[in-house]
Every structure is written in structure tokens, then in C-alpha cells.
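Each chain, letter by letter, is given below.
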Amino acid sequence: MFEPARSDPVPRETGNVFLVTIPPVARQAPSDRTFHGDTVTDEFAWLMAKDDPATTAYLEEENAWTEKATAHLSDLRESVFQEIKARTKETDLSVPSRKGGHWYYSRTVEGKQYGIQCRVPVRPGETAPPVAGARPDEEVLLDGNALAEGKDFLALGTFDVSPDGTRLAYSTDFDGDERFTLRVKDLTTGEDLADEVPDTFYGSAWSADGSALFYITVDEAWRPNRVWRHVIGESEDTVVYEEADERFWVGVELTRSEKFIVIDAQSKITSEVRVIPADRPHAEPALIAERRQGVEYTVEHHGHRFLILHNRNAEDFALSYTSVDAPGDWVELVPHQPGTRLESVDAFSRHIVISLRRDGLTGLRVMCDGSTDAYDMEFPEPLYSVGLTGNPEYDTATVRIDYTSLVTPDSVYDVDLVTRSMTLRKQKPVLGGYSPDDYEQFREWATAPDGTRVPISIVARKGTVRDGSAPAVLYGYGSYEHSIDPYFSIARLSLLDRGVVFAVAHVRGGGELGRKWYEDGKLLAKRNTFTDFVACAEALVRSRWTSAARLVARGGSAGGLLMGAVANIAPEAFAGILAEVPFVDPLTSILDPSLPLTVTEWEEWGNPLESAEVYAYMKSYSPYENVTKQHYPKILAVTSLNDTRVLYHEPTKWIARLRSVAPEGTYLLKTEMGAGHAGPSGRYDAWKEEAFNLAWVLEVVGGA
């Protein structure tokens, strides 16, 4: 099954423990594929057979080798884990959010892996959220620790209290494959009802009276394609909407006003929305506007109108509205302004809050109902991230926001939309004497090969010398218009306090600088993402933040594709690369429509089945396709066996080919055998995973 690299004995197995003496070398079983007249041989295609005992054995041997190769870091791993743990307030409480007659919140308990979802009644005259710990009248709605007892993994797909507060819909995944079992809990008795639906997707929506629950299921390619209606107490459910176009997926939600159930169908570049009156859950969905290729829009109910956030003749989006009674023409409310990307809109009874980004930073704009007057909330730091969070009430003049930066822990504010005053409700505790004044954040700019200026966000401990001697980590993503905005991390302090500089490369393909920034890093412009990242690495070295010999690149998922690509095109720019659940075999995956998400991804990457040009272009940058005999930086790839988004075999095959083609390098593969795309689910397990990663990083950059 495995080919030893030389004449050393084949690793021996004792029970479930491999006694490894050399890096595993996977056997080669050439398998050919031919598209557009091009035949490609994949010698490691056999690793795609997840249920084959040979695959499991190989993954276990890789894990054993990684454990052996990093055994000398065990003390450092434990130190980093204890630092994360010591800085975290383990028994804590979120800021309660009011909904109807209750305050809802989650809390954690020292030694427990998962959060506990709770509520308490609103007391007479109580307007501010309670700040004390658990009250005697606390009601536990869902205890993640009790759910996960005897399980290695737990994730929730929905947590949805009915409008009248008497029922809770929740769904659980115990494997990490994002297939959830939906259940309903009677909050008046505390008991689960007999209603149970297996194999559901994320999300749900209640009817106004709580008699019906809408949920989603997926097709064989794991595409969310059906919206169902379940009547509580009945065994036969009804398909309310089914999406036939394989490029589209569906979602469902109840508007904040609780007047409409919204069913949206969307591809990467096109949208279509239908609504059902929440007080008439058996009504047929009503179409807001027919899909038109390339036009994206979302719908938010606001009194007599539906707010429409859209990109029709508006690259960075505009805001319009149409009538609730007779949806038709769109009336402009906020015109398109190039360079100001409108990302979402939230409606309240007397206000509208628009989430936007401009000049690489997020922002919030407030509009008063019945007026064109608007104002943008102001924030003190040059680099920050802000957004709405936990606002279930429609009839309110106060909204809750979350604010953070590279040096400011997550801070929850309540904002009076009339007086514009902000009240700090809570800042995430960082134990052990943390002071933001001990750290500094900076914005640098790199110049890409085509002359484009690419922003870099940087944080370092104050006094870090800029002479090229400091170790550094450069993080990147650059896909799906997903922006990596400045954020605070307790775990990151274990790097900063050891003198490591942390930087984020805001490369094209993300959304940091608007829709065009995204468009210029997708499809046949995807290589810009990779060359931008290399330019950022070179800029850090040129500006004396670090040196190539002390720089580690880090990225996950589509950011893992970025890691694999830069390893091939600029291996000399990095001392190491940490690739988490990396999408490193994209051409193989995108060529197979039966795999999860493939068809829905064609508008992001292109369709190599139909287009020879797309095929050749993807092949030119695919990390797996372009491994060559050259000197690679040290590489650690981390994946999960049950990942349904980036399948485990992509990094597995990549590491196997690296060892085969460029055997002088140092490559490690670590596979979570019982987790999904997000890795371990319990917080202590997640901290241990991060401590493992950071210990490896610290050794590579020489900061251990």
C-alpha cells in the first residue's frame, strides 16, 4: 500500500498506533483523465476513496508522522494553549438581546466545551440588558454540553425561537458533514416534541403563530435546493419551493418585522426572491422580481414597502424600494456611488441601517424613515471593523453593533439612532493585564505587477524593530468577495508577545475595496489574487518588517488555494506555509459536477467542462497540477475527514505529490478524523488545534 522512501522497514502498526520512522510515501496508481484533448495522469487519485481502508490507513500514518515530527514542540504547544486559556474568561455571558418579553443570551462555563443558550423574563421597567450572571429565573433553552455528551463533534444548523416564544427549532450535526437533524422543543414544558426531520440544511423560519416551520434540504451534490413547510404535529411535509437550476441555491428566513417569510434563490451573480405572508404560511410564494442574469438583489420588509438592495446598473450596489401590496417597479432610495459598496440593509420601524464599506473599511449609515437625511457612524481608530449584531426587535430606536480592531477586543455597543449616543455594553475580557497601548496597528501598501496598490493591515507589539529581523505571519484569503477585516484575536497575542508581526494581505478576489476588487480576482483574473499576495510579502520585506527567511504565509479554504499557488510561484518568498482545509486541487473538483458545490462554483472559477480556455487557465494555477521539483518552504496542511466544502483528499494528494516530486522538502499533513470544514467544534479542542498551528509557526519563523 505504501512505498518506503528507501530501504527502511515499513512502519509497524501496534493496535491503533503507528510507529513511524520516515515520512509516509503514498503508493502511486496512475489514473488518467482527458478533457479538451489534454490527458492528465493523477497518480494519487486512489486517495479520493474515503471509505477505502487503504485511505484511512494512509491518513492515520500521516497523522502519526506529524505527531512524531512535531513531538519536540509539545511543551511549546502546551504553553500556547495555557496562554490562550489563561487570557480567556472561561465562565462568561454574552450581552442579552431583548425579544418580546425575554432577554436572550448565551453563556459559557469553565471546563465546558460548548455554550449554553438561555433567556430570562424582562422585569417591569427594565430597558437596559441585565449584566449580572445567571438569575434564579433563568431558563436554559439549549445546553450544547448536554447535547454533545458522548459525541466528538457538535454544530448547530439553526437556533430559532418562534415569534410567540413558546417553541424552539434547533438542528444538530454530530459528524461535521453539515447534515443536520431538525427538532422542535416545547419551551412551556422543556420537552422535545415528536417532530424530527433528518438531513436538513442551515436555517429555518417560523410562521407568525408558530404553527408551521420552514426548512431547507439539499440535493445529491449538497446544493440547498428545496424549501419545505412542516406543520407542527403532522408527519407529511410540503415542498414550498424547489430550485431546478443547478447554479442556484436557496435560503429561507422570517423578516425582522415578522410579517413575511423570505425565500431567496441565488447563484454567484444572480438572485430571485419570493415572499409568503407569515400569517398565511400555506399561501403560494409571491415573486418580487424575476431573475435576470448578473443582477443580484436582497429584500427587507419595511412597513408599506420592500427595500431592495441591488446591483442593477450599480456595480457597488444601490438601494431602492417597491410596494408590499403590488411589487413592481423599483424606486431609487440611495443611488449608486462608485467606491462605496453597500453590503446589506436592516430595517427597523422608524430607521434603516445600511452596512457598507469604503476605502477598505466597514461602516454603518443610518437613515430616518420618511426622510432622506442620513448620517454615518463615526469610529476613532484608523483600522477597525464594525457591524450590526443581535437585533431581533423591529420596533426600536436602538441598535446593537459589534466593534473591533487589531488591538481592540470585540466591543458591543447599543446605539441610540436618534441621539447618536453609543453605550458600551461589554468588551470581550482579556485576562492577564492586556493593554491595547502595548500594541500598534499600521496600514501599508504593496504594488502588484500590474501596478495595482494592495492594502496590508499590520499589528505588532509596540517597539518592534523594523530592521528585517522580526518574524512575521502574512494571512490571506481573496475569494468570494469575502473581506478579511481587522479583528482581534486572543490566540494571536501568543505570537505578538514573542515578537512576531501579524499582517493581512487584502488581495483581489476579496471585497475590501468594492465589487471591482472582487471581479478583478475571479474567473480569468484569478492569478491576480496570487501575485497580489506575493507582492504583499515582498513589500513587508522591503519595508523592513521582516525577511523572507522569517515569514510564514497562512490561509484556509479558498485561502488555502492561495497558499498552494504561492508555494509554486514564489517559494523563495516564505520560510513556511500553513494551509488549512486548502482548496489545492481545484481543477479536479470543478471538473466533477457530482461533487458538493461544483456547479454552483462555476460562476466563481469558470466552467472547465465547457470552456477550453477556462480549463487551461485553471490548470495553469492549480497547486496540485503545478508541483515541480524545486525547493519549497516548510508546509503544514490541516484538513478534516468529514469536510463537505473542501474534501479531505485535496490536501492529502497535494502533500503526497510534494513528497514524490520535491522530496527534499519538509511537508506535514494533519487530518481531523471526526470534524468538518471548521475543524474541532469544542472551544478547548479548537484552542488546542490553534496551539498546534502556532507552535509550528513559531518554530518555522524562529520565534519559539
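Reading guide: rules and limits
Residues numbered from 1 in each chain as written. Predicted model: local features only at pLDDT ≥ 70, side-chain atom pairs only at ≥ 80, totals over all residues. Heavy atoms only, no water. Helix = DSSP H or I, 4+ residues; strand = E, 2+ residues; numbered from the N terminus. Rg over C-alpha atoms; globule rule 2.2 N^0.38 Å. Buried < 20%, exposed > 50% of the residue type's maximum accessible area, 1.4 Å probe, protein only. Contact = heavy atoms within 4.5 Å. Lys, Arg positive; Asp, Glu negative; His and termini not counted. Charge placed at Lys NZ, Arg CZ, Asp CG, Glu CD. Pairing = 2+ DSSP bridges. Axes fitted to C-alpha atoms, helices over the stretch in contact; angles between N-to-C directions. Expected span 1.5 Å × (residues − 1). Polar contact = N/O pair within 3.5 Å; in protein donor to acceptor, adjacent residues only side chain to side chain. Phe/Tyr/Trp six-rings, centres within 6.5 Å; stacked < 30°, edge-to-face > 60°. Lys NZ or Arg CZ within 6 Å of the ring centre and 35° of its normal.

1. Topic: the overall build of the protein chain
Okay, so step 1: The helix and strand inventory of the protein chain stands at twelve helices and 41 strands.
Okay, so step 2: The C-alpha radius of gyration of the protein chain comes to 26 Å, within 12% of the 27 Å expected for a compact globule of 704 residues.
Okay, so step 3: Overall size of the protein chain, expressed as C-alpha extent along the three principal axes, is 75 × 55 × 55 Å.
Okay, so step 4: The buried share among the 704 residues of the protein chain stands at 57%.
Okay, so step 5: Considering only contacts within the protein chain whose residues lie at least 6 apart along the sequence, 57% involve residues at least 24 apart.
Okay, so step 6: For the protein chain, the separation between the mean place of its 72 positive charges and that of its 108 negative charges on side chains is 4 Å.

2. Digging into the sheet that holds strand E29 (residues 374-376)
Across a sheet, strands are paired by hydrogen bonds formed along the backbone, either parallel or antiparallel in direction.
Okay, so step 1: The four strands lie next to each other as E26-E27-E28-E29, forming an open sheet whose pairing is antiparallel. Of all the strands in the sheet, just strand E26 (340-347) and E29 have a single pairing partner and so form its edges. Neighbour-to-neighbour, the strand axes of this sheet turn through a mean angle of 25°, independent of strand direction.
Okay, so step 2: As defined by bridge partners, E26 adjoins strand E27 (residues 351-358) across seven bridges and the pair is classed as antiparallel.

3. Things to note about helix H1 (residues 53-69)
Okay, so step 1: With 17 residues, H1 extends 24 Å from end C-alpha to end C-alpha; this agrees with the ideal 24 Å at 1.5 Å per step.
Okay, so step 2: Taken as a whole, H1 has its buried residues at Ala54, Thr55, Ala57, Tyr58, Leu59, Glu61, Glu62, Asn63, Ala64, Trp65 and Thr66.
Okay, so step 3: Two or three places before Ala54, at the start of H1, stands the capping residue Asp52, its side-chain oxygen 2.9 Å from that residue's backbone nitrogen.

4. Some thoughts on the packing of aromatic side chains
Okay, so step 1: With the rule as written, the count across this model stands at 21 aromatic pairs.
Okay, so step 2: Ring geometry for Tyr434 versus Tyr439: centroids 5.4 Å apart, planes at 20°, classification stacked.
Okay, so step 3: Members of the aromatic cluster, joined through ring pairs, are Phe180, Phe201, Tyr202 and Trp222.
Okay, so step 4: The positively charged end of Arg453 is found above the aromatic ring belonging to Trp445, 4.5 Å away from the centroid.
Okay, so step 5: Over the face of the ring belonging to Tyr487 we find Arg492, whose NZ or CZ atom lies 4.6 Å from the ring centre.

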